[in-house]
Amino acid sequence: MNIKDKVLVVEDEKGISGFIRAILTANGYDVILAHTGAEAFSMISSHCPDLIVLDLGLPDMDGVETARRIRREVGPDTLIIIISAYDWAPIERQAREAGVDAFIPKPFFASTLYDTLLSVTRRISPKAGSGVSGEQYDFSGKCVLLVEDNAFNREVAQEFLEMTGAAVECAENGQEALEKFTSSEPGRYALILMDVQ
């Protein structure tokens, strides 16, 4: 089995679901979001996901029970990964029996999700032309100035850049970026990425 296109993310916290979607979309995958177990069930037959990323603490249903029911619907070929801020050890056996393939602790970074997918399947690779894999681009020894006022967007962008080996310095606004640039030694920044607003 290969992860092809579709990923269902079942997470009630919009910041986390958006973060996961940003990571996977940047790698070329079609991401569908659901915020409850019931909503996830309603999407499974029409979307046929290849991967399901499932929060353990959904508002309407326990994540392990949700995984069990989803596994019955999708069969053995769909990957199911649980994410949780709680310890995995007490529920691991029950979750594995329910059909969960892997666990990711919260909070996590883009590299954590990517590494988990690699370790579980050894079959996932970024879509051609996605340009996110650190194996495709190596910016080791290069410094990037990232200018972004939104903390969430800044964290996602920084994680992607660091996956390429780049050192990343951040500024929260144009004035701060200008001060960092003008006070730096010539040639310090190989690239400046700046939000248009």
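Residues numbered from 1 in each chain as written. Predicted model: local features only at pLDDT ≥ 70, side-chain atom pairs only at ≥ 80, totals over all residues. Heavy atoms only, no water.

**Student:** Summarise the packing of aromatic side chains; cite the residues concerned and give the values.
**Tutor:** Throughout the structure, instances matching the rule amount to 1 aromatic pair. Centroid distance Trp88 to Phe103: 4.6 Å. Interplanar angle 15 degrees. Geometry classified as stacked. Here Trp88, found in the loop between β4 (79–84) and α4 (92–98), pairs with Phe103, found in strand β5 (residues 102–105); they are 15 residues apart in sequence, far enough to count as distant. Accessibility assignment for this pair places Trp88 and Phe103 in one class, buried. (Phe/Tyr/Trp six-rings, centres within 6.5 Å; stacked < 30°, edge-to-face > 60°. Helix = DSSP H or I, 4+ residues; strand = E, 2+ residues; numbered from the N terminus. Buried < 20%, exposed > 50% of the residue type's maximum accessible area, 1.4 Å probe, protein only.)

**Student:** Give a detailed account of the side chain of Arg71, specifying residues and quantitative values.
**Tutor:** By secondary structure assignment, the location of Arg71 is in helix α3 (residues 63–74). Relative accessible area serves as the criterion here: at 15%, Arg71 is assigned to the buried category. There is a polar contact of 2.6 Å between the side chain of Arg71 and the backbone oxygen of Gly99. Not counting chain neighbours up to four residues away, the residues in contact with Arg71 comprise Pro76, Asp77, Thr78, Leu79, Ile80, Ala98, Gly99 and Asp101. (Polar contact = N/O pair within 3.5 Å; in protein donor to acceptor, adjacent residues only side chain to side chain. Contact = heavy atoms within 4.5 Å.)

**Student:** I'd like a description of the environment of Pro59, backed by residues and values.
**Tutor:** One can find Pro59 in the loop between β3 (51–55) and α3. Of the residues examined, Pro59 reaches a relative accessible area of 56% and is grouped as exposed. Put simply, Pro59 and Asp12 are 47 residues apart on the chain and 7.2 Å apart in space, counted from C-alpha to C-alpha. Setting aside chain neighbours within four positions, we find Pro59 in contact with Asp12, His35 and Thr36.

**Student:** How would you explain the sheet that holds strand β7 (residues 167–171) if you had to name every residue and give the values?
**Tutor:** Read across the open sheet, the 3 strands follow the order β7-β6-β8; overall the sheet is parallel. In the strand order of this sheet, the two ends are held by β7 and β8 (191–194), each with one partner. Along the sheet, successive strands turn relative to each other by an average axial angle of 20 degrees, direction set aside. With 4 bridges connecting them, strand β6 (residues 143–147) and β8 associate as parallel partners. Its bridge partner lying in β8, Leu146 is registered against Leu193. Its contacts with the sheet put helix α6 (residues 151–163) on β6, β7 and β8, and the angle it makes with β7 is roughly 160 degrees. Helix α7 (residues 174–183) rests against β6, β7 and β8 of the sheet, and its axis sits at about 130 degrees to β7. (Pairing = 2+ DSSP bridges. Axes fitted to C-alpha atoms, helices over the stretch in contact; angles between N-to-C directions.)

**Student:** Requested: an account of α6, with residues and values cited.
**Tutor:** Its 13 residues give α6 an end-to-end C-alpha distance of 18 Å, which sits within 8% of 18 Å, the value for a rise of 1.5 Å per residue. Among the residues of α6, Arg154, Val156, Glu159, Phe160 and Leu161 are the ones counted as buried. With its phi angle positive at about 95 degrees, Gly165 sits one or two positions after the end of α6. (Expected span 1.5 Å × (residues − 1).)

**Student:** Can you explain the sheet that holds strand β1 (residues 6–10)? Please cite residues and give values.
**Tutor:** With respect to topology, 5 strands assemble into an open sheet ordered β2-β1-β3-β4-β5, the strand pairing being parallel. Where the open sheet ends on each side, the last strands, each with one partner, are β2 (30–34) and β5. On average, adjacent strands in this sheet sit at an angle of 20 degrees to one another, irrespective of strand direction. Where β4 lies against β5, 4 bridges are found, and the strand directions are parallel.

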